[in-house]
Amino acid sequence: MSQFRKDPFGAAWVMISPERGLEPSDFGSVTRPVRSAASGEHDCILCPGHEQQTGSELRALRPSRSATDSPGWRARVIGHPAALLQAKAFTEHGTTPFVYAPSSGYQELIVEHPDHAMRLETMPRDHLGEVLRLYRDRLEHLASRPHVRHVQITRNVGRAAGAMFSHPHAQVLALPVDNRWVEEERQAAATYFARQRRCLFCEVITTELERRERVVSANATFVALTPYASRQPFETWIVPRQHSSGFGDLSSNNLADLAELLQSVIVAMNTALDHPPYNIVLHTLPSAREASYHWHFEILPRLTNQTGFDWGSGFYINPTPPEDAARFLRESLALRGASL
């Protein structure tokens, strides 16, 4: 059975998951077939007509008269078909230095559209707004569960980004342990706030908007920028202009602006980088509201692999300066008629 193990040399927890196993395709030597409803292959369990294969839906956007677990939905929430977590109490066992706990938590899949070939960048804007509202509502629901310390949304697009399905979907995760990346940001922001009495994220946004070197695009509510110390080529963050530490606080009135900027950035990346595999990760606090933390989406194209130098030195090697990446993305937007 899966279990969390506490790293005795740091703050992180690791999930040991022997039942997940490895397949030849995990090593990159086998090409997985792409399931396409358009090509006549209807074996995708996320497509309409296969609702009984995924277990009971937890929530769905569908006409009021349509039956649960039947076609007719616009988006639906289901338990993750390959969930590694179980909804049970989190209890630490063992003694220092070897501490472990059962793999408790919640994993859900949000099937974002009934059309297998639909993509985030081609989704109707109002539909994407509905999907983003579904993200927000599911995170708020799971954050209210006992012992939850971390919640996240991830979208994996392409095999190299770890996508299990080619059907448009997002994963929702709620854990009883902290996320090491969010905690690093949280601690850095708290230290800066204690010293300067200002939010570090807000300070970065203000400075970036003044200089415009790393701003990809912006609207009244959000800014898309390539971080000053980007870890990967073309890494792009979408950050709300107004301070907010939790995605759950996002007003429904601002969902359209977020949808617009998400689509713009993905269109720019597809144009500049020829449709790369990528991950979208939401960094947010589950419920606590802090003056020093600021939620944001991180969009991470998978263009490079970490080498022994990266692992040995402890820092990332990024061959593309974020200023160049931002300029290329702005130019790509301009080519598509959507400049800053």
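Structure's up top.
The structure contained in this document is the topic of the report that follows. Because the structure is predicted, anything quoted here is derived from the model rather than measured.

## Re the overall build of the protein
Inference 1: The helix and strand tally for the protein stands at six helices and 14 strands.
Inference 2: Its C-alpha atoms give the protein a radius of gyration of 20 Å, within 12% of the compact-globule value 20 Å for 340 residues.
Inference 3: Overall, the protein is about 60 × 55 × 45 Å in size when its C-alpha atoms are taken along their principal axes.
Inference 4: Sorting the 340 residues of the protein into buried and exposed places 47% on the buried side.
Inference 5: In the structure as shown, the protein presents an accessible area of about 16900 Å², 52% of it carried by carbon and sulfur atoms.

## With respect to helix H2 (residues 180–196)
Inference 1: In this model H2 runs 24 Å from its N-terminal to its C-terminal C-alpha over 17 residues, within 8% of the 24 Å that 1.5 Å per residue would give.
Inference 2: All of the buried residues in H2 are Val182, Glu183, Glu185, Ala189, Tyr192 and Phe193.
Inference 3: In this structure, the buried side of H2 is in contact with strand S8 (150–157), helix H3 (200–211), strand S12 (236–240), strand S13 (278–283) and strand S14 (296–301).
Inference 4: Put simply, asparagine 179 is the residue that caps the front of H2, since its side-chain oxygen is 2.9 Å from the backbone nitrogen of tryptophan 181.
Inference 5: In the segment just after H2, arginine 197 is the residue with positive phi, at about 60°.

## A look at the packing of helix H1 (residues 125–143) against helix H4 (residues 255–273)
Inference 1: It is the contact of H1 with H4, at a shortest axis distance of 9 Å, that shows an interaxial angle of 110°. Judged by the angle between their axes, H1 and H4 are roughly perpendicular. Side by side, H1 and H4 meet where Arg125, Leu128, Gly129, Leu132 and Arg133 of the first sit next to Leu255, Ala256, Leu258, Ala259, Glu260, Leu262 and Gln263 of the second.
Inference 2: When its residues are assigned to classes, the contact of H1 with H4 shows seven nonpolar, two polar and three charged.

## Description of unusual backbone geometry
Inference 1: The omega torsion of the bond from threonine 96 to proline 97 falls at 10°, within 30 degrees of zero and hence cis.
Inference 2: With respect to the helices, strands and loops of the structure, proline 97 is situated in the loop between strand S5 (93–95) and strand S6 (98–102).
Inference 3: One non-glycine residue, phenylalanine 234, lies in positive phi territory at about 70°.
Inference 4: Examined against the element boundaries, phenylalanine 234 turns out to sit in the loop between strand S11 (222–225) and S12.
Inference 5: Phenylalanine 234 sits in the buried class, given a relative accessible area of 7%.
Inference 6: One non-glycine residue, histidine 275, adopts positive backbone phi at about 55°.
Inference 7: Counting through the fold element by element, histidine 275 comes out in the loop between H4 and S13.

## Description of the packing of aromatic side chains
Inference 1: Taken as a whole, this structure holds seven aromatic pairs when the rule is applied.
Inference 2: Centroid distance phenylalanine 234 to phenylalanine 328: 6.2 Å. Interplanar angle 25°. Geometry classified as stacked. In this pair, phenylalanine 234 sits in the loop between S11 and S12 while phenylalanine 328 sits in helix H6 (residues 322–335), placing the two residues 94 residues apart along the sequence.
Inference 3: A residue is classified by how much of its surface remains accessible, and phenylalanine 328, at 34% relative accessible area, is partly exposed.
Inference 4: Between phenylalanine 247 and tryptophan 295, the ring centres sit 4.9 Å apart and the planes meet at 85°, which makes this aromatic pair edge-to-face. Of this pair, phenylalanine 247 sits in the loop between S12 and H4 while tryptophan 295 sits in the loop between S13 and S14; the two residues are 48 residues apart in sequence, bridging distant segments of the chain. Note on accessibility: phenylalanine 247 and tryptophan 295 belong to one class, buried.

## A few points about the nonpolar core
Inference 1: Ile238, Phe247, Leu258 and Ile299 are the most contacted members of the largest nonpolar core, which has 49 residues in total.
Inference 2: The element contributing the most residues to this core is H4, with 10 residues.
Inference 3: Not counting the four nearest positions on each side in its chain, phenylalanine 247 is found in contact with Leu132, Tyr135, Arg136, Leu139, Leu258, Leu282, Thr284, Trp295 and Phe297.
Inference 4: Among the nonpolar cores identified, the runner-up in size contains 13 residues, and Cys199, Phe201, Leu209 and Leu285 belong to it.

## Digging into the side chain of glutamate 112
Inference 1: Mapping glutamate 112 onto the fold places it in the loop between strand S7 (106–111) and H1.
Inference 2: Engagement of the side chain of glutamate 112 in a polar contact is seen with the side chain of tyrosine 135, the distance being 2.5 Å.
Inference 3: Sequence-distant contacts of glutamate 112, defined by excluding residues within four places in its chain, comprise Arg74, Ala75, Met123, His127, Val131, Tyr135, Arg155, Pro168, His169 and Ala170.

Analysis parameters
Residues numbered from 1 in each chain as written. Predicted model: local features only at pLDDT ≥ 70, side-chain atom pairs only at ≥ 80, totals over all residues. Heavy atoms only, no water. Helix = DSSP H or I, 4+ residues; strand = E, 2+ residues; numbered from the N terminus. Rg over C-alpha atoms; globule rule 2.2 N^0.38 Å. Buried < 20%, exposed > 50% of the residue type's maximum accessible area, 1.4 Å probe, protein only. Areas by Shrake-Rupley, 256 points an atom, 1.4 Å probe, with all protein chains shown as cover. Expected span 1.5 Å × (residues − 1). Contact = heavy atoms within 4.5 Å. Polar contact = N/O pair within 3.5 Å; in protein donor to acceptor, adjacent residues only side chain to side chain. Axes fitted to C-alpha atoms, helices over the stretch in contact; angles between N-to-C directions. Parallel < 35°, antiparallel > 145°, perpendicular 65-115°, else oblique. Nonpolar A, V, L, I, M, F, W, Y, C, P; charged D, E, K, R; others polar. Phe/Tyr/Trp six-rings, centres within 6.5 Å; stacked < 30°, edge-to-face > 60°. Core = buried A, V, L, I, M, F, W, Y, C linked by side-chain atoms within 4.5 Å.

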